[in-house]
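Chain and residue survey
Single-letter residue listing:
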Amino acid sequence: MSTQTALRLTGRNSWEQLAAFQEPRPTAGKHEVLIKMRSAALNFRDIAISTSKYPFKVKDQVVPGSDAAGDIVSVGEGVTGFSAGDKVVVSFDQVTQYGPIKNWENGLGGPVDGVLREYISVPAQTVVKIPSHSTLSYAQWASVVCTGVTAWNSLYGVSAIKPGQTVLFQGTGGVSITGLILAKAAGAKTIITSSSDEKLRHVKEKYGVDFTINYKTTPDWAAEAQKITNGQGVDYILENGGSGTIKQSLDAIAFGGVISVIGFLAQASQDEMPDVSTLALSKAAIVRGIIIGSKQQLEEAVRFIGEKNLELPVEKTFKFTRDQVVEAYAYLTSGQHVGKVCIDF
Ligand SMILES: NC(=O)c1ccc[n+]([C@@H]2O[C@H](COP(=O)([O-])OP(=O)(O)OC[C@H]3O[C@@H](n4cnc5c(N)ncnc54)[C@H](OP(=O)(O)O)[C@@H]3O)[C@@H](O)[C@H]2O)c1
């Protein structure tokens with residue numbers, strides 16, 4: 001029997017509890033494809049899962065990791081449209097083809113085993129082909145799965161961004177920089193915030209963001225965003241802080257603007273919570289929770305990124321060994337990164 005290396009979380013106090021196991025290599029069921037992993041992108045979610053901070057169900061001894069890019073090695077007898085050799089990415093949620101994800105039961109690397117293993121077998125209907133002409137790396141494509149789709153959903157999920165509109169991104173992590181790249185490609189004016197002037201300089205030079213604000217030295221960054229937009233406000237905000245930043249987002253948003261509530265990096269205590277409903281009403285703003293996105297949104301994001309050959313922001317890659325993956329988790333937690341951290345196989 002063929003075997004493979006799989007990483008599993010043997011406890012959830014620290015990513016140091018990741019351990020390597022030799023396990024049977026899966027095979028493709030009737031409607032499945034077997035994929036040889038080539039790269040996995042890490043997310044803040046992986047850190048939260050490994051440290052018991054993830055607020056949703058997690059399988060015992062889970063194989064972590066949600067974002068897979070790889071090569072199909074075999075297909076089940078009922079599969080059409082895919083064949084061995086196809087380069088593919090796999091949808092985060094193993095069930096949702098279109099519309100909103102309706103529960104937290106089917107996301108790879110949490111409630112079900114994920115992608116930090118050499119081979120995965122997944123339903124063919126969750127797989128999207130990487131455009132054949134693409135020159136992007138597997139790591140860049142893996143980064144589309146969670147981060148790219150989340151950013152895509154924020155910019156196109158409820159109303160489509162128009163050229164000339166303004167988008168603000170909180171922080172310089174994966175979601176923000178990917179969103180920045182997508183928004184610039186859509187012709188938007190872009191603003192990014194960060195705790196670090198050095199990171200802001202880097203984002204300006206490398207990714208061409210139009211305006212930068214340091215949210216540590218300018219805690220009222222909403223006022224600055226209002227100035228930048230001549231008092232019109234920002235049309236779209238990718239809200240990564242959560243309850244601790246939503247007041248500023250509501251102050252910065254334009255009338256009728258869209259705040260996508262994505263992250264929970266800065267939590268406010270209950271007594272510091274703003275009156276979100278009144279603030280949203282007073283701007284006719286849409287405050288919209290995001291759960292990644294559907295297979296359809298993955299397809300749309302892949303097509304757009306492929307057509308425009310957008311260089312997605314992979315900052316650092318590590319190798320698929322237990323020790324290197326532990327290092328990658330530590331690096332992501334250290335907050336030194338701008339963009340994505342990936343594991344190459
Ligand atoms: N809802 C969903 O479907 C979904 C999908 C993907 C991610 N998420 C969530 O979205 C958040 C971002 O994910 P990510 O993968 O981009 O994380 P990441 O790569 O780890 O980025 C985190 C960055 O956020 C910034 N940050 C931290 N506190 C902040 C604050 N108070 N205000 C503004 N920025 C702040 C920091 O940027 P600086 O160092 O520049 O200050 C930090 O580097 C996480 O909470 C993640 O769990 C949710």
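Residues numbered from 1 in each chain as written. Predicted model: local features only at pLDDT ≥ 70, side-chain atom pairs only at ≥ 80, totals over all residues. Heavy atoms only, no water.

- An unreviewed UniProt entry lists the protein chain under the name Enoyl reductase (ER) domain-containing protein, with Penicillium olsonii as the source organism.

1. Describing the UniProt feature "domain: Enoyl reductase (ER)" (unreviewed entry) in the protein chain
- Per the UniProt record, "domain: Enoyl reductase (ER)" (unreviewed entry) is found at residues 13-343.
- Between the first and last C-alpha atoms of residues 13-343 the distance is 22 Å; the span itself is 30% helix and 25% strand. (UniProt positions renumbered as here; feature names shortened; annotations may be inferred. Helix = DSSP H or I, 4+ residues; strand = E, 2+ residues; numbered from the N terminus.)

2. Side note on the layout of surface pockets
- Volume-wise, the largest pocket comes out at about 1,100 Å³.
- Lining of the largest pocket is provided by 46 residues; of these, Phe 44, Val 175, Asn 240, Gly 263 and Leu 265 occupy positions nearest its centre.
- For the lining of the largest pocket, the secondary-structure elements that each account for two or more residues are helix H1 (44-50), helix H2 (138-156), helix H3 (174-185), strand E9 (189-194), helix H9 (322-334) and strand E15 (340-344).
- Ranked by residue count, the leading element in the lining of the largest pocket is H1, at four residues.
- Three or more residues apiece are contributed to the lining of the largest pocket by two domains, here domain 1 (3-149 + 293-344) and domain 2 (150-289).
- Here the second largest pocket is characterised by a volume of approximately 190 Å³.
- Lining the second largest pocket are Asp 86, Lys 87, Lys 129, Ile 130, Pro 131, Ser 132, Ser 134, Leu 136, Ser 137, Tyr 138 and Trp 141.
- Here the residues of the lining of the second largest pocket sort into five nonpolar, three polar and three charged. (1 Å grid on protein atoms, 1.4 Å probe; cavity = no way out; pocket = protein on both sides within 12 Å on 5 of 7 lines; lining within 4 Å. Points joined across faces, edges and corners; volume = space filled by probe spheres on them. Domains from an automatic or database assignment. Nonpolar A, V, L, I, M, F, W, Y, C, P; charged D, E, K, R; others polar.)

3. Looking at the site of the ligand
- Around the ligand lies a shell of 24 residues, among which Thr 172, Ser 194, Tyr 215, Ile 290 and Ile 292 are the nearest.
- Measuring from an oxygen atom of the ligand, one finds a side-chain N or O atom of Tyr 215 at 2.6 Å.
- Note that a nitrogen atom of the ligand is positioned 2.7 Å from one of the backbone N or O atoms of Ile 290.
- Here the ligand has 920 Å² of accessible area as a free molecule, and 89% of this is covered by the chains.
- Judged by the fraction of its atoms near the pocket grid, the ligand is located in the largest pocket.
- Those elements that provide at least two residues to the shell around the ligand are H2 and H3. (Near = heavy atom within 4 Å. Polar contact = N/O pair within 3.5 Å; in protein donor to acceptor, adjacent residues only side chain to side chain. Areas by Shrake-Rupley, 256 points an atom, 1.4 Å probe, with all protein chains shown as cover. Sits in = over half its atoms within 2 Å of the grid points.)

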